[in-house]
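Architecture at a glance
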Amino acid sequence: MADQKRETPRLDQLESGPWPSFVKELKKSRKNPMTEDLLGQLERSYEDKVVHWKHGGLVGVKGYGGGVIGRYSDVAAEFPKCAEFHTMRINQPAGWFYTSTVLRKICDIWEKHGSGITNMHGSTGDVILLGTTTPELEPTFQELTAAGFDLGGSGSAMRTPSCCCGMSRCEWALYDTMALTHDLTMTFQDEMHRPAFPYKFKIKCSGCPNDCVASIARADMSIIGTWRDDIRIDQDAVRAYVAAGTFDMSADVVDRCPTRCMHWDGKKLGIDDSNCVKCMHCINAMPKALRPGTDRGAVILIGSKAPIMGGALLSSVIVPFLKIETPYDDIKEVTQAIWDLWAEHGKNRERVGEFIQRIGLGSFLEQIGLEPCPEMVMQPRTNPYIFYEDESENAEG
Amino acid sequence: MAVETKERRTDIGPPHYEQFLPPVIKKNYGKWKYHEIVKPGVLLTVAESGDKLYSVRAATPRLMSIESIRLFADIADEFCGGFLRFTSRNNVEFLLTDESKIDPLIARLKKEGYPVGGMGPSITNIVHTQGWVHCHSAASDASGVVKALMDELFPHFEKMDLPGKLRIAFACCLNMCGAVHCSDIAILGVHTRLPVVSHAKLGSMCEIPTTVASCPTGAIRPATVDGKPSVEVIAEQCMFCSNCFTVCPAISLSDAEKDGCSIWVGGKVSNARQEPMFSKLAIPYLPNNPPRWPEVVAAVKNLVEVYAKHARKFERMGEWIGRVGWPKFFELTGIPFTKYHIDDFTHAGESFKRSAHLRQKKGE
């Protein structure tokens, strides 16, 4: 049958202009009837100013509780080819590195089984294959695994961990983000593919405090590289930056140091490293002259999330410094302890950050076996409503 | 049922990244010395060994056809041995060692419609969600707003002409799949019409206790309507989060005329200089006006221009506002301050001004 070509006068207006056009992308795949109908339905949304997808249904592949998001059109009679338009989340290689060969393999599989439309990548980090039908899920999965790929996470599970490019390209990587991300992903395959938590749990690994994967805002567990010893200074290179005149050393660097631990006398840059909070600003400004120290590790923070449902949170410190070394037993132990506690006592759809707000950080630390320390708070409490415990009871116990 | 002839593989995890790294990265992994942006969109990373790696960054629309991915594969084969990567902000990076190929690669990418830039003090790709293309709860489209915005802000992608980095994010509802809440400028799709309950369907489609429990403000309570078990919504307590819709498809918040976008400013995730911070409300509501959302584009452009004019070198949006104060921000941007700007959710009081430290204006 001749497939109907959809008219898209509104979307067509988004083909012009200097920025790459998603409408052009859709049209590149319109020879696939699913995508042709997607174009039609999207045009309808642009006309109606409302979305035309229904709630996802439970769809998936055998033995997995996640990785596939069901999606159904609410105007299926009019756009039958995209009546079912499920998403498959494919776990990306750490750091989002590819070769042309492996990308072509994914494209060939998706041309055969799906719409030909993707996201490179989704917000959590997965390769997103957008648009296929229920019968195609299992064959797609089998071809993907034959090509060496597996599904990512969805639902109340560990979500696909992601990381910055780390040591592959960045001199500021204070631990091997890609190695840790890959290792955690492999270690926790069951937790990712078979949802058993109160809600989602995201892990993101950033190699330095610049936090290029936004772990402090977007991950339940944020692992951010840092160091303990002195910033390494090449004074000749410092003077070269000053001579180049792209910034004012006093106003733009020294005075912007959050702890004012730097001084510049016109010839030599001094840093009181005992007061440095490792913010990265001076290093960012002068990558050729300043380098992080060599005693390296990471800060572990916990609990960030978007607003749903108790309000947005940033992650907060639970381990001020940890050496990140294979086989990563320390991180795995703390992760497992958190999951055990939260899985047992967390409410349905309660992220770990909200769980901590409810039970208290002090209680949380006690139950996962971490000692409280002043690095975990901005300041001690100001209210006197303290849940004192009966010390004599503890003594007896 | 067809007989499975091969063993079914599960839980194999992602392919190991090492097989996708170019030789220069394998050789210098963890042994890089410094980097510099040699020109917009071109990053030079120099290893302790003296080896050089050039990364050429091009924009993508995030929504990619396999035809375009194949094109990227062809370009990678032609210019850099087939090695490429994607960034956390949906850009593509081609990884080269031959400096002489940079300009031809940039020209080729531009010809194909994927411009190079987005590094340093610039506006790079807008992190965004699915919107009307593929989500069920979207209060606005994502790809369309992003396309319209970046067409307008494009000069700041190709040049490094801003005081500091300016990171923009778009999420099409309060679920914030894009976690936009810590961006210099965030655009957030919002519903503003009360949930409409389909009483006839609710009993069979939703669990009533779960639906009631889903509401952060306790605005939903069980009710019997026309003899059928359902729920009712207490209008004054609803803040349109759409959490009820997430757990119960028989409740709808979408509305062609009342859905729209809110604009938030001054968030960041980097620890550089000041600590990470949330974005704060700048504009409570702008209408959805597809295909090019002129009101949203004009509002964001204004924010970018005011920031570019007034911020000092290296200052992010939130650091600049912190220095000059919020009253000055509203004055300079011309945005009206309303009761919606004052927080009234949990811990709201923490955002109230609790001192007499105010920049008073001399009598007029």
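The model shown is predicted, which means the values in this text are computed figures rather than measured ones.

Definitions and limits used
- Residues numbered from 1 in each chain as written.
- Chains lettered and ligands numbered in written order.
- Predicted model: local features only at pLDDT ≥ 70, side-chain atom pairs only at ≥ 80, totals over all residues.
- Heavy atoms only, no water.
- Helix = DSSP H or I, 4+ residues; strand = E, 2+ residues; numbered from the N terminus.
- Contact = heavy atoms within 4.5 Å.
- Areas by Shrake-Rupley, 256 points an atom, 1.4 Å probe, with all protein chains shown as cover.
- Lys, Arg positive; Asp, Glu negative; His and termini not counted.
- Charge placed at Lys NZ, Arg CZ, Asp CG, Glu CD.
- Patch = residues over 30% accessible without salt bridge, like charges linked within 9 Å, V, L, I, M, F, W, Y side chains within 5 Å.
- Salt bridge = Lys/Arg side-chain N within 4 Å of Asp/Glu carboxyl O.
- Buried < 20%, exposed > 50% of the residue type's maximum accessible area, 1.4 Å probe, protein only.
- Expected span 1.5 Å × (residues − 1).
- Pairing = 2+ DSSP bridges.
- Axes fitted to C-alpha atoms, helices over the stretch in contact; angles between N-to-C directions.
- Buried area = accessible area lost by both parts, 1.4 Å probe.
- Nonpolar A, V, L, I, M, F, W, Y, C, P; charged D, E, K, R; others polar.
- Disulfide = S-S within 2.5 Å.
- Phe/Tyr/Trp six-rings, centres within 6.5 Å; stacked < 30°, edge-to-face > 60°.
- Lys NZ or Arg CZ within 6 Å of the ring centre and 35° of its normal.
- Domains from an automatic or database assignment.
- Parallel < 35°, antiparallel > 145°, perpendicular 65-115°, else oblique.
- Left-handed = near helix turned anticlockwise from the far one by under 90°.

The next thing to look at is the overall build of chain B. A tally of helices and strands in chain B yields 11 helices and 15 strands. In terms of overall dimensions, chain B has C-alpha extents of about 85 × 75 × 35 Å along its principal axes. In chain B, the proportion of contacts linking residues at least 24 apart, taken out of those at least 6 apart, comes to 64%. As displayed, chain B has an accessible area near 15,400 Å², and 54% of this comes from carbon and sulfur atoms. Each charge class in chain B was averaged separately, 44 positive and 39 negative side chains, and the resulting centres sit 5 Å apart.

Moving on, we get to a nonpolar patch on the surface. Residue and element names in this part refer to chain B. Taken together, the side chains of Phe337, Ile342 and Phe352 present a nonpolar region at the surface, about 300 Å² in accessible area. Tracing the backbone shows Phe352 in the segment after helix H11 (326–333). For Phe352, a relative accessible area of 43% puts it in the partly exposed group.

On to helix H4 (residues 100–113) of chain A. Between its first and last C-alpha atoms H4 of chain A spans 20 Å; for 14 residues at 1.5 Å apiece the expected length is 20 Å, and the two agree. Of all the positions in H4 of chain A, only Ser100, Val102, Leu103, Ile106, Cys107, Ile109, Trp110 and His113 of chain A are classed as buried.

Pairing in this open sheet of 5 strands is antiparallel, and the strands run E2(A)-E4(A)-E7(A)-E6(A)-E4(B) from one edge to the other. One side of each edge strand has no neighbouring strand; the edge strands of this open sheet are strand E2 (68–69) of chain A together with strand E4 (63–65) of chain B. Along the sheet face, helix H2 (residues 66–80) of chain B touches strand E6 (117–120) of chain A together with E4 of chain B and points at about 75 degrees away from the line of E4 of chain B.

Attention now moves to the interface of chain B and chain A. Of the residues lining the interface, 121 residues belong to chain B; the matching set on chain A comes to 121 residues. Across the chain B to chain A interface the summed buried area is about 10,400 Å²; carbon plus sulfur atoms make up 60%. When the buried surface of chain B facing chain A is broken down by residue, Arg8, Trp132 and His134 of chain B rank first, second and third, together holding 8% of it. At the junction of chain B with chain A, the criterion picks out 12 salt bridges. Here Arg104 of chain A ties to Asp74 of chain B by a salt bridge, and the two come within 2.8 Å at their closest N and O atoms. Looking at which element gives the most residues to the side of chain B that touches chain A, the answer is H2 of chain B, with 8 residues. For the side of chain B that touches chain A, the class distribution of residues is 58 nonpolar, 37 polar and 26 charged. The sheet contact formed by strand E5 (residues 97–99) of chain A and strand E5 (residues 83–86) of chain B spans 3 bridges and is antiparallel. In the sheet register, Tyr98 of chain A faces E5 of chain B, and the bridge partner there is Leu84 of chain B.

Per the stated rule, a full pass over the model turns up 47 salt bridges over all chains. For Arg70 of chain B, the salt bridge goes to Asp108 of chain A, with nearest N and O atoms at 2.8 Å. With Arg70 of chain B in helix H2 and Asp108 of chain A in helix H4, this residue pair bridges two chains. Residue Arg70 of chain B is classed as buried on the basis of its relative accessible area, which comes to 17%. By relative accessible area, which is 43% here, Asp108 of chain A ends up partly exposed. Taking the shortest distance from any N to any O, the salt bridge between Lys39 of chain B and Asp103 of chain B comes out at 2.5 Å. With a gap of 64 residues between them, Lys39 of chain B in strand E1 (residues 32–39) and Asp103 of chain B in helix H3 (residues 102–112) connect regions that are remote in the sequence. Salt bridges here are not isolated pairs; linked through shared partners, they connect Lys31, Asp108 and Glu111 of chain A together with Glu67 and Arg70 of chain B.

Before going further, it helps to spend a moment on the state of the cysteines. Evaluated as defined, the whole model comprises 1 disulfide over all chains. Covalently, Cys206 of chain B is tied to Cys248 of chain B through a disulfide, its sulfur atoms 2.1 Å apart. Residues Cys206 of chain B and Cys248 of chain B are joined by a disulfide whose S-S torsion is about 75 degrees; by sign, that bridge is right-handed. Linking Cys206 of chain B in the loop between helix H6 (199–205) and helix H7 (208–213) with Cys248 of chain B in the loop between helix H8 (243–247) and strand E13 (251–252), this pair joins segments that are 42 residues apart in sequence. In this pair, the class of Cys206 of chain B matches that of Cys248 of chain B, namely buried. We note that Cys82 of chain A lacks a disulfide partner, and the nearest cysteine sulfur, in Cys135 of chain B, lies 15 Å from it. In this model Cys205 of chain A remains outside any disulfide bridge; the closest cysteine sulfur is found in Cys163 of chain A, 6.2 Å from its own. Overall, Cys205 of chain A belongs to the buried group, its relative accessible area being 0%.

Position of Arg159 of chain A relative to the elements: it lies in the loop between helix H5 (134–146) and strand E8 (162–163). The buried charged residue Arg159 of chain A lacks any salt bridge partner; its closest oppositely charged side chain belongs to Asp126 of chain A, at an N-O distance of 7.0 Å.

Within the structure shown, the criterion is met by 26 aromatic pairs over all chains. Taken together, a centroid distance of 6.0 Å and an interplanar angle of 25 degrees make the contact between Phe154 of chain B and Phe157 of chain B stacked. The two residues Phe154 of chain B and Phe157 of chain B agree in class, both being buried. Within the aromatic cluster, the residues linked to one another by ring pairs are Tyr307, Trp320, Trp326, Phe329, Phe330 and Phe337 of chain B. The ring of Tyr64 of chain A has Arg194 of chain A sitting right over it, with the charged end atom 5.5 Å from the ring centre.

A few words on the domain arrangement of chain A. The accessible area lost on association of the parts is a frequent measure of interface size. All names here are of chain A. Entries for chain A in the domain assignment read domain 1 (9–146), domain 2 (162–227 + 296–392) and domain 3 (232–291). Centre-to-centre separation of domain 2 and domain 3, based on C-alpha positions: 31 Å. Facing 8 residues of domain 2, the contacting portion of domain 3 comprises 7 residues. Across the interface of domain 2 and domain 3, roughly 730 Å² is buried in total on both sides, 61% from carbon and sulfur atoms. When the buried surface of domain 2 facing domain 3 is broken down by residue, Trp172, Asn210 and Trp227 rank first, second and third, together holding 67% of it. Linking domain 2 with domain 3 are 0 salt bridges.

Below, the discussion takes up the packing of H4 of chain A against H5 of chain A. Residues and elements named next belong to chain A. Look at H4 against H5: their axes get within 10 Å of each other, and the N-to-C directions meet at 165 degrees. If you check the angle between H4 and H5, you find them roughly antiparallel. Every pair of crossing elements has a handedness; the one defined by H4 and H5 is right-handed. When H4 is examined against H5, the residues Ile109, Trp110, Lys112 and His113 are found in contact with a partner set consisting of Glu136, Pro139, Thr140, Glu143 and Leu144. In terms of residue class, the contact of H4 with H5 is built from 4 nonpolar, 2 polar and 3 charged.

Residue and element names in this part refer to chain B. One open sheet accounts for 5 strands, arranged E7-E8-E9-E14-E15; its pairing is mixed. Both edges of this open sheet fall to strand E7 (127–128) and strand E15 (280–287), since each of them pairs with a single strand only. Judged from the 5 bridges that link them, strand E14 (residues 260–265) and E15 form a sheet pairing that is antiparallel. Across the sheet, residue Gly260 finds its bridge partner in E15, namely Pro287. Sheet contacts for helix H4 (residues 143–153): E7, strand E8 (168–171) and strand E9 (185–190); angle to E8, the most-contacted strand, approximately 160 degrees. Packed on one face of the sheet, H11 meets E14 and E15 and runs near 30 degrees to E15.

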